[in-house]
Amino acid sequence: MKRLLLILAIAVLCIQAFAESHYKPHISVGAHGGIGMSQVTFSPSVKESWVQGITMGVSFRYAEERLVGVLAELNLSQRGWKENFEEGPLDYSRTLTYISLPIMTHIYFGPSRFKCFFNLGPEFGYMLGESISSNFDYHNPTQAEGWPTKDRMTEQMEMEVHNKFDYGICGSFGCEFWLKPRHSVYLEARYYYGLGNIFPSTKADTFGASRNMTISVTLGYNFRLK
């Protein structure tokens, strides 16, 4: 029995030593910035197009396994939508500024100097403020010169955001190039789809759905702490 316990203890120590030599935890912090194109998914639908905004933030990444880690970010991002008047003289866009916290699984692969990666997970955000850009009185839009003759939804132009808290799913793909053992730069494309509605969505309300949707491209820098 003593020999068996001794063999088991040696085996456990060997396994631990092997694991430590092959799976050392990696901890990195970084910063990133870029642009995003956003819309709001309305139901009933609204004639809209993409509106451009900025996105920037800081990140923390922890990887204990060879190919899988966890990525958390704190971001400032602009979302919203732009009304589509089909090349007409009218212009209306609404920008919603959020602070957001995505927490994602980080999957990476490739040689030591150049890696590709996937990120996937939930994102939570809170609206800090909003701004509206318009060349007509959006409180009385149908009175504007050049207003389309066809019926279209107008309530969303002056409706106040009811739910400042937002949540959804985000996924991304990118590539990372290591300049030195502790320094790397990366390029990432990300898609975010909100699951919460910015406007009231009961049966008695105008919209059954009003969800944020954003496609963004960012350039970032990581510094490996460990």
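Colleague: Give a detailed account of the overall build of the protein, specifying residues and quantitative values.
Modeller: Regarding its fold elements, the protein presents two helices and nine strands. Starting at the N terminus, the α and β elements of the protein follow one another as α-β-β-β-β-β-β-α-β-β-β. The proportion of buried residues among the 226 residues of the protein is 38%. Sequence-distant contacts, at least 24 apart, represent 69% of the contacts inside the protein between residues at least 6 apart.

Colleague: Explain the environment of phenylalanine 60 residue by residue, including any values.
Modeller: Inspection of the secondary structure puts phenylalanine 60 in strand β3 (residues 51-63). Taking C-alpha positions, phenylalanine 60 is 5.9 Å from serine 28, a pair spaced 32 residues apart along the chain.

Colleague: Give me the lowdown on the nonpolar core, citing residues and values where you can.
Modeller: In this structure, Phe42, Trp81, Phe85, Phe136, Ile198 and Phe199 are the most contacted members of the largest nonpolar core, which totals 19 residues. Looking at this core, the elements that each hand over two or more residues are β1 (26-43) and β5 (92-109). Top element by residues in this core is β5. It accounts for three residues. Contacts of phenylalanine 199, omitting those with residues within four sequence positions, involve Phe42, Trp81, Arg94, Gln156, Met159, Glu160, Val161, His162, Asn163, Phe207 and Ser210.

Colleague: Describe the pattern of salt bridges, listing the residues and the values that go with them.
Modeller: According to the stated counting rule, one finds eight salt bridges in the structure shown. For glutamate 83, the salt bridge is made with arginine 152, and the minimal N-O distance between the two is 3.0 Å. In this pair, glutamate 83 sits in strand β4 (residues 68-83) while arginine 152 sits in the loop between β6 (114-134) and α2 (155-158), placing the two residues 69 residues apart along the sequence. In this structure, glutamate 83 and arginine 152 share a single accessibility class: buried. What you see here is one network of salt bridges that share partners, running through Glu73, Glu188 and Arg190.

Colleague: Please set out unusual backbone geometry residue by residue, giving values where relevant.
Modeller: Note: most peptide bonds trans; most residues except glycine with negative phi. Proline 44 follows serine 43 through a cis peptide bond whose omega is 0°. Position of proline 44 among the secondary structure elements: in the loop between β1 and β2 (48-49).

Colleague: Which residues make up the pairing of β5, and what are the values?
Modeller: With 13 bridges joining them, β4 and β5 adopt antiparallel strand pairing. Across the sheet, residue asparagine 75 finds its bridge partner in β5, namely serine 100. Bridge count for β5 against β6 is 16 bridges, and the pairing is antiparallel. Each residue of the ladder has a partner; that of serine 93, found in β6, is serine 133. Counted between consecutive antiparallel strands, the loop separating β5 from β6 contains four residues, among which glycine 110 sits at a positive phi close to 125°.

Colleague: Describe in detail the environment of tyrosine 138, supporting the description with residues and values.
Modeller: Tracing the sequence through the fold places tyrosine 138 in the loop between β6 and α2. For tyrosine 138, a relative accessible area of 21% puts it in the partly exposed group. Taking C-alpha positions, tyrosine 138 is 9.3 Å from glutamate 155, a pair spaced 17 residues apart along the chain. If near-sequence neighbours (up to four positions away) are discounted, tyrosine 138 is found in contact with Tyr92, Ile132, Met157 and Glu158.

Colleague: I'd love a proper account of the packing of aromatic side chains, names of residues and values included.
Modeller: Considering all chains together, one arrives at 15 aromatic pairs under this definition. Aromatic pair phenylalanine 85 and tryptophan 147: ring centres 5.6 Å apart, planes at 65°, arrangement edge-to-face. Placement of the pair is phenylalanine 85 in the loop between β4 and β5 and tryptophan 147 in the loop between β6 and α2, with a sequence separation of 62 residues. Across the pair, tryptophan 147 and phenylalanine 85 agree in class, each one buried. Taken together, a centroid distance of 5.7 Å and an interplanar angle of 70° make the contact between tyrosine 92 and tyrosine 138 edge-to-face. Separated by 46 residues along the polypeptide, tyrosine 92 in strand β5 and tyrosine 138 in the loop between β6 and α2 bring together distant segments of the chain. The exposure class assigned to tyrosine 92 is buried, which follows from its relative accessible area of 0%. Following the ring pairs from residue to residue traces out a cluster consisting of Phe42, Trp81, Phe85, Tyr92, Phe136, Tyr138, Trp147, Phe199 and Phe207. The ring of tyrosine 98 has arginine 79 sitting right over it, with the charged end atom 4.7 Å from the ring centre.

Rules used throughout
- Residues numbered from 1 in each chain as written.
- Predicted model: local features only at pLDDT ≥ 70, side-chain atom pairs only at ≥ 80, totals over all residues.
- Heavy atoms only, no water.
- Helix = DSSP H or I, 4+ residues; strand = E, 2+ residues; numbered from the N terminus.
- Buried < 20%, exposed > 50% of the residue type's maximum accessible area, 1.4 Å probe, protein only.
- Contact = heavy atoms within 4.5 Å.
- Core = buried A, V, L, I, M, F, W, Y, C linked by side-chain atoms within 4.5 Å.
- Salt bridge = Lys/Arg side-chain N within 4 Å of Asp/Glu carboxyl O.
- Pairing = 2+ DSSP bridges.
- Phe/Tyr/Trp six-rings, centres within 6.5 Å; stacked < 30°, edge-to-face > 60°.
- Lys NZ or Arg CZ within 6 Å of the ring centre and 35° of its normal.

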